[in-house]
Amino acid sequence: MQRSYILISCATLALACGSDDRPASWSYLHEAIIRPNCATVSCHTGENATAGLRLQEADQAYASVTGLPCGSAEAGGPSFVSPGSPESSRLVELLRGTDITMPPDRLLSIQDVELIEEWIAQGAPCD
């Protein structure tokens with residue numbers, strides 16, 4: 001009986017630890033991760049742009065995070081992303097809680113952070 005529980009637990013862990021099939025694209029990251037977790041009333045919206053970051057709209061968020069235009073958005077402020085280098089990106093430091101943790105009220109899952117790192121490693125393209 002105990003062995004069957006162990007096998008079920010191992011199977012569940014294997015599924016949970018499987019590869020992430022979500023796209024590492026800006027449009028997905030913004031809609032599924034950035035906007036619902038970071039563009040909240042008290043953080044990075046047009047009304048309350050903490051640290052000058054406006055993350056509610058995809059093009060403006062891209063410009064705020066990368067310092068580069070995406071579509072018709074104006075160039076943002078300082079870059080929080082080093083395209084091609086997640087280990088050098090301030091955004092990754094913030095998400096991993098190196099010194100300050102963002103978002104402060106509820107950490108992103110490790111899978112979400114790793115997907116953002118993958119996007120940065122791919123050059124942080126705007127799609």
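Residues numbered from 1 in each chain as written. Predicted model: local features only at pLDDT ≥ 70, side-chain atom pairs only at ≥ 80, totals over all residues. Heavy atoms only, no water.

A. The nonpolar core, seen in detail. Membership of the largest hydrophobic core comes to 26 residues, with the highest contact counts inside it found for Leu 55, Val 81, Leu 91, Ile 116, Trp 119 and Ile 120. Going through the elements one at a time, α2 (26-38), α3 (58-66), α4 (90-96) and α5 (110-121) are the ones with two or more residues in this core. In contact with Leu 55, not counting residues within four places along its chain, are His 30, Ile 34, Arg 35, Cys 38, Ala 39, His 44, Ala 61, Ser 64 and Val 65. (Core = buried A, V, L, I, M, F, W, Y, C linked by side-chain atoms within 4.5 Å. Buried < 20%, exposed > 50% of the residue type's maximum accessible area, 1.4 Å probe, protein only. Helix = DSSP H or I, 4+ residues; strand = E, 2+ residues; numbered from the N terminus. Contact = heavy atoms within 4.5 Å.)

B. Geometry of unusual backbone geometry. Residue Pro 103 follows Met 102 across a cis peptide bond; omega there is -15°. Inspection of the secondary structure assignment puts Pro 103 in the loop between α4 and α5. Of note, Ala 124 is a non-glycine position whose phi angle comes to about 55°, a positive value. Topologically, Ala 124 is positioned in the segment after α5. Assessed through its relative accessible area of 1%, Ala 124 is described here as buried.

C. Spatial organisation of the pattern of salt bridges. Counting across every chain of the model gives five salt bridges. Asp 112 serves as the salt-bridge partner of Arg 22, at 2.7 Å between the closest nitrogen and oxygen. Within this pair, whereas Arg 22 is found in the loop between α1 (2-16) and α2, its partner Asp 112 is found in helix α5, the two being separated by 90 residues in sequence. A salt bridge links Arg 90 to Asp 99; the nearest nitrogen and oxygen atoms lie 3.2 Å apart. Exposure remark for Arg 90: the relative accessible area of 27% places this residue in the partly exposed category. (Salt bridge = Lys/Arg side-chain N within 4 Å of Asp/Glu carboxyl O.)

D. Expanded view of the side chain of Ser 89. Inspection of the secondary structure puts Ser 89 in the loop between α3 and α4. In this structure Ser 89 comes out as buried when scored by relative accessible area, which is 0%. Reaching out from Ser 89, the side chain makes a polar contact with the backbone nitrogen of Ser 82 at a distance of 2.8 Å. Within the local environment of Ser 89, its side chain forms a polar contact with the backbone oxygen of Ser 85, the two atoms lying 3.0 Å apart. Beyond its immediate sequence surroundings of up to four residues, Ser 89 is in contact with Phe 80, Val 81, Ser 82 and Ile 120. (Polar contact = N/O pair within 3.5 Å; in protein donor to acceptor, adjacent residues only side chain to side chain.)

E. Inspection of the packing of aromatic side chains at higher detail. Summed over all chains, the structure comprises three aromatic pairs. Pairing Tyr 62 with Trp 119 gives two aromatic rings, centres 6.3 Å apart and planes at 75°, and the pair type is edge-to-face. In this pair, Tyr 62 is assigned in helix α3 and Trp 119 in helix α5, connecting sequence segments 57 residues apart. Across the pair, exposure class does not vary: Tyr 62 and Trp 119 are buried alike. An aromatic cluster of three or more residues is present, and its members are Trp 26, Tyr 62 and Trp 119. (Phe/Tyr/Trp six-rings, centres within 6.5 Å; stacked < 30°, edge-to-face > 60°.)

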